[in-house]
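Spelled out, the chains give:
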Amino acid sequence: DRESAAAEPLPHATTADGHRVRLSANIGSADEAVRAHRAGARSVGLFRTEFVFLAADGLPDEQEQFAAYAGAVQALDGGRTTIRLLDVGGDKPLPPLTSTEANPMLGHRGVRLLLDAPDVLRTQLRAALRAAAHGEVWICVPMISGIAELAAVRGHLDEVRAELAADEVAHGPVRLGVMIETPAAVLAASALAREADFFSVGTNDLLQYLVAADRDNGRVTHLLDPHTPALLHAIGLVVAAAHAHGITVSVCGEAASDPAIQPLLLGLGVDELSMTAARLPDAARAIGALSAAEARIVAGQAAHADDADAVRALLESAPPTPQ
Ligand code: PEP
Ligand code: MG
């Protein structure tokens, strides 16, 4: 029936002038990976593992996590799955792991919390390494603000891998990369790019922290405009640092599925866009109508424009389509 008919595979989108950008899905469960694959996704750019934890009764143990991660990896049928380490705290409370804080968005969240809960971190790393025996797995560290945090996670990863090897538990190779979602990570992108295997830009958080406006506070929503030149400038810096060190940059925040922003991301040199699978066909179509050469010109100007309105005006006066 039509419900179960598989859509056309969409591993990437190609601009009118032949530039390719990888398309990936954002998921929160193994079931969602199955649906994403059916919708055409051939890689996962962001597995928000918070949802595995929120769905569990208490903290999910290694076996429950392994089932979720391996389930996604198998659904992708050889395609890569980027498993983001638990990112609770901030806008995603998970008591008793998280506590009430005066400024949760600036508090004990993401990698900060994980490094203070090494048992939780190591259980998750074991489950991810075991899932990697079934297909390609990348592990992504959320809320990084400096290389020390990445080095600490890599230390745990190496130890956990050695444990699995000693116990002869099946596991596979992984890449370890970081979310770029703090201004500090942007400004330290060169150092991070030496140590990380890939970058994934979380534009939702990066924008909130760049303009210092809580993404859940309706009174400051007008500041959270992805056309903001500061955000585009930041992404440009991140791409330059990544490419200088031979690693790729994905964007997995809301901006990745926004047809108004896609030409700018493409023009800034982003390698991959990750979004809810339902948006992939529209993204492929929209990108297919663009010129990468024109997008590069517009994006370069947009990153240095006066404000978000000026960026919108630029896009209107010189749409990045084939000339
Ligand atoms: C982001 O910050 O853009 C992101 C993708 O992560 P989350 O929305 O889960 O914080
Ligand atoms: Mg985020």
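In the nomenclature of an unreviewed UniProt entry, the protein is known as Phosphoenolpyruvate-protein phosphotransferase of Streptomyces fuscus.

Caption draft 1: Representation of the overall build of the protein within the structure. Helices and strands together make up the secondary structure of the protein, namely 14 helices and 9 strands. Taken over C-alpha atoms, the radius of gyration comes to 19 Å for the protein, in line with the 20 Å a tight globule of 323 residues would show. Projecting the C-alpha coordinates of the protein onto the three principal axes gives extents of approximately 60 × 50 × 35 Å. By the burial criterion, 47% of the 323 residues in the protein qualify as buried.

Caption draft 2: Seen up close, the site of ligand 1. Taken together, the residues surrounding ligand 1 are Leu-46, Arg-48, Asp-87, Glu-181, Gly-202, Thr-203, Asn-204, Asp-205, Cys-252 and Gly-253. Mapped by element, the contributors of at least two residues to the shell around ligand 1 are strand S3 (44–48) and helix H9 (203–210). A per-element tally of the shell around ligand 1 places H9 first, with 3 residues. Of the residues assigned to the shell around ligand 1, the class counts are 2 nonpolar, 4 polar and 4 charged.

Caption draft 3: Focus on the pairing of S3. Among the 5 residues of S3, 5 are classified as buried, and the element is accordingly described as predominantly covered. Of the pairings in the sheet, the one linking strand S2 (residues 20–27) to S3 comprises 3 bridges and is parallel in character. Of the residues in S3, the one forming a bridge with Asn-26 is Leu-46. Across 3 bridges, S3 lies against strand S4 (residues 81–84) in parallel orientation. Looking across to S4, one finds that Val-44 is bridged to Thr-81.

Caption draft 4: Inspection of unusual backbone geometry at higher detail. Between Pro-95 and the following residue, Pro-96, the backbone shows a cis peptide bond with an omega angle of 10°. Within the secondary structure, Pro-96 is located in the loop between S4 and helix H4 (110–116). A positive phi is found at Asp-77, a non-glycine position, where the angle reads about 55°. Structurally, Asp-77 can be placed in the loop between helix H3 (62–75) and S4. Its 10 C-beta neighbours within 10 Å are what place Asp-77 among the exposed residues.

Basis of the calculations
- Residues numbered from 1 in each chain as written.
- Chains lettered and ligands numbered in written order.
- Predicted model: local features only at pLDDT ≥ 70, side-chain atom pairs only at ≥ 80, totals over all residues.
- Helix = DSSP H or I, 4+ residues; strand = E, 2+ residues; numbered from the N terminus.
- Rg over C-alpha atoms; globule rule 2.2 N^0.38 Å.
- Buried ≥ 20, exposed ≤ 12 C-beta atoms within 10 Å, placed from the backbone.
- Near = placed C-beta within 6 Å.
- Nonpolar A, V, L, I, M, F, W, Y, C, P; charged D, E, K, R; others polar.
- Pairing = 2+ DSSP bridges.

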